[in-house]
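# A structural walkthrough
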Amino acid sequence: SGASKLAQLKNLFRFMQDHYPNRLDCVLITNLSTPVQIVLKMALSLISPEVRGKIHIIPNNPEERDKALSQLIDPSFIPYWLGGKDEWRFSPDVYYGQVTASDREGREYITTMPYHTE
């Protein structure tokens, strides 16, 4: 439901705000439908102005999107799928390499973290 998604967004922003207040430089959110933009704007009102100022909703209109992205990112790093020239793709295998923990250890870690047990 819409209320549960809003609660999830609120929890995400609270987590970011509480645990990473000075690590967050900028969040760019793209390709949102109109209803999601409305819900997100409601959720943004629930977080501190300092964190809210670091979150940028990028317009869907190509010209407005290019202008907004160019103000925040060097144009050579704007992804191809957003109308830019950068064709780099994330590879989990390259980034994470060899898995060093078992599934049991991973579940134990996740379930004992304070923000997961509230």
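Attention here is on the structure that accompanies the text. Note that the structure is predicted; figures quoted are calculated from it, not measured.

Here the structure, examined in full by the defined rule, presents two aromatic pairs. When the centroid spacing of 6.4 Å and the interplanar angle of 65 degrees are considered together, the rings of Trp 88 and Phe 90 count as edge-to-face. On the basis of relative accessible area, Trp 88 is assigned to the exposed category, the value being 64%. Both rings, one in Phe 90 and one in Tyr 95, keep their centres 5.5 Å apart while their planes meet at 55 degrees; by these two values the pair is tilted. Taking the relative accessible area as the measure of exposure, Phe 90 reaches 44% and is therefore partly exposed.

With a phi close to 55 degrees, Asn 31 is a non-glycine residue in the positive phi region. A residue is classified by how much of its surface remains accessible, and Asn 31, at 47% relative accessible area, is partly exposed.

Taken as a whole, helix α2 (residues 34-44) has its buried residues at Gln 37, Leu 40, Ala 43 and Leu 44. Projection of α2 onto a plane perpendicular to its axis shows the buried side chains occupying an angular sector of 120 degrees, all on one side. Exposed and facing more than 90 degrees away from the buried side of α2 are Thr 34, Pro 35 and Ile 38.

Cut-offs used in this document
Residues numbered from 1 in each chain as written. Predicted model: local features only at pLDDT ≥ 70, side-chain atom pairs only at ≥ 80, totals over all residues. Heavy atoms only, no water. Phe/Tyr/Trp six-rings, centres within 6.5 Å; stacked < 30°, edge-to-face > 60°. Buried < 20%, exposed > 50% of the residue type's maximum accessible area, 1.4 Å probe, protein only. Helix = DSSP H or I, 4+ residues; strand = E, 2+ residues; numbered from the N terminus. Arc of directions from axis to C-beta.

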